[in-house]
Amino acid sequence: MNLKVIEPHINKNHVLNKIIILSSIDSTNKYLMDNNFASGTIAAAAVQTAGRGKQGAHWQSGSGGLWFSFVINRKIINPYMFVILSSVALVETFAMYGLKPEIKWPNDILLGRLKISGILIENDAYNSKIVTGIGVNINNKAPQNAVSLKQAVHKKINMEEFFIRLVKKLDIYLRQTAGLKKKLIGKWVMNLTDVTGRDVSVIRNKKRVIGKVKKVYKDGSVSIVDEKGNVIRIKGEVFFLA
Ligand code: BTN
């Protein structure tokens with residue numbers, strides 16, 4: 001990715017106000033978690049050698065994909081908000097390419113049933129810091145069960161252009177006041193796939209609980225009916241069983 005093309009679009013007065021472009025790094029999330037960068041710093045890498053996915057999974061991050069993270073240094077009441085705003089920004093950016101992906105709760109962006117993008121937030125509540133990592137299959141060879149933007153639109157994508165469009169959208173949502181957040185959550189819910197009734201497994205008090213999704217709430221949490229019929233509300237990660 002060409003820094004010279006991107007840098008003029010990074011506005012010092014916006015929330016995302018600084019960019020670091022690396023040719024190779026283990027993980028852009030790790031890089032921002034381990035170092036103390038100013039709030040609003042974006043780190044993007046052409047290649048990640050140990051890209052992090054959900055649940056400690058490896059995230060394939062070969063050349064041609066968009067792999068980046070940004071850090072916000074403040075106390076975060078609802079870290080999940082970063083997943084919501086990133087999902088909406090991604091869906092709207094894909095729409096600029098004529099695509100209508102779905103947000104699969106909690107943080108997958110799917111085209112058909114194939115994953116085009118993933119989001120991973122890492123939160124250091126003690127130091128009031130949150131890192132949001134976004135991976136988008138752009139021109140790279142997409143792994144199994146995934147699809148690249150290039151495959152979806154049948155032409156090579158200008159990655160800088162995609163990135164600039166996405167950062168602009170992220171920035172708009174990061175600047176939103178409480179009132180506008182409602183609108184954002186509305187957009188998120190609108191693009192969400194219906195997961196009610198789906199079989200899921202969650203970790204609760206260090207124990208695995210199997211149940212069915214009852215409802216997805218606007219704060220990003222979900223209620224589940226467990227095998228004994230108890231209703232539990234979960235804010236963290238949920239695994240779909242089928
Ligand atoms: C998922 O499993 O769906 C989340 C994938 C998140 C991948 C991105 S790529 C940029 C950032 N750095 C990482 O190591 N992971 C995230």
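It should be noted that the structure appears before, not after, this text.
Keep in mind that what you see is a predicted model, and the values were worked out from it rather than measured. (Residues numbered from 1 in each chain as written. Predicted model: local features only at pLDDT ≥ 70, side-chain atom pairs only at ≥ 80, totals over all residues. Heavy atoms only, no water.)

Peer 1: Got a minute to help me understand the nonpolar core in this structure?
Peer 2: Generally speaking, nonpolar side chains in soluble globular proteins are found buried as a group. Phe68, Phe70 and Phe162 are the most contacted members of the largest nonpolar core, which has 59 residues in total. Take this core: its biggest share by element is 11 residues, from helix H3 (residues 80-95). Leaving out residues up to four positions away in the same chain, Phe68 has contacts with Thr28, Ile42, Ala43, Ala44, Thr132, Gly133, Ile134, Phe163, Leu166 and Leu170. Residues Tyr31, Leu32, Val71 and Val131 belong to the second largest nonpolar core, which totals 10 residues. (Core = buried A, V, L, I, M, F, W, Y, C linked by side-chain atoms within 4.5 Å. Buried < 20%, exposed > 50% of the residue type's maximum accessible area, 1.4 Å probe, protein only. Helix = DSSP H or I, 4+ residues; strand = E, 2+ residues; numbered from the N terminus. Contact = heavy atoms within 4.5 Å.)

Peer 1: Please explain the side chain of Asp108 as it appears in this structure.
Peer 2: Considering the arrangement of structural elements, one finds Asp108 in strand E5 (residues 108-111). Overall, the relative accessible area of 7% leaves Asp108 in the buried class. Separated by 2.9 Å, the side chains of Asp108 and Lys54 make a polar contact. (Polar contact = N/O pair within 3.5 Å; in protein donor to acceptor, adjacent residues only side chain to side chain.)

Peer 1: So what exactly am I meant to see when it comes to the side chain of Ser148 here?
Peer 2: Tracing the chain through its elements places Ser148 in the loop between strand E7 (129-136) and helix H4 (149-153). Classification of Ser148 by relative accessible area gives buried; the value is 2%. Ser148 has contacts with Ile116, Asn137, Ile138, Asn140 and Ala142, leaving out every residue within four places of it along the chain.

Peer 1: Would you explain the packing of aromatic side chains in this entry?
Peer 2: How two aromatic rings sit relative to each other is given by the distance of their centres and the angle of their planes. For the structure shown, the criterion picks out 6 aromatic pairs. Ring geometry for Tyr31 versus Phe37: centroids 5.2 Å apart, planes at 45°, classification tilted. Side by side, Tyr31 and Phe37 carry an identical accessibility label, which is buried. Seen in terms of ring centroids, Tyr97 and Phe162 are 5.6 Å apart; in terms of plane orientation they differ by 40°. Their pairing is tilted. With Tyr97 in the loop between H3 and strand E4 (102-104) and Phe162 in helix H5 (residues 159-174), this pair connects stretches of sequence that are 65 residues apart. (Phe/Tyr/Trp six-rings, centres within 6.5 Å; stacked < 30°, edge-to-face > 60°.)

Peer 1: In this structure, what is going on with the pairing of strand E9 (residues 207-216)? I would like to understand it.
Peer 2: For a regular strand, the rule is simple: side chains alternate between the two faces of the sheet. In this sheet, E9 lies alongside strand E8 (residues 199-204) in antiparallel orientation, the contact comprising 6 bridges. Bridge pairing in E9 links Ile203 to Arg208. Here 5 bridges tie E9 to strand E10 (residues 222-226), and the two strands are oriented antiparallel to one another. Looking at the pairing, Val213 lines up with Ile224 of E10. Hairpin connection of E9 to E10: 5 residues between the antiparallel strands, including Gly220 at a positive phi of 95°. (Pairing = 2+ DSSP bridges.)

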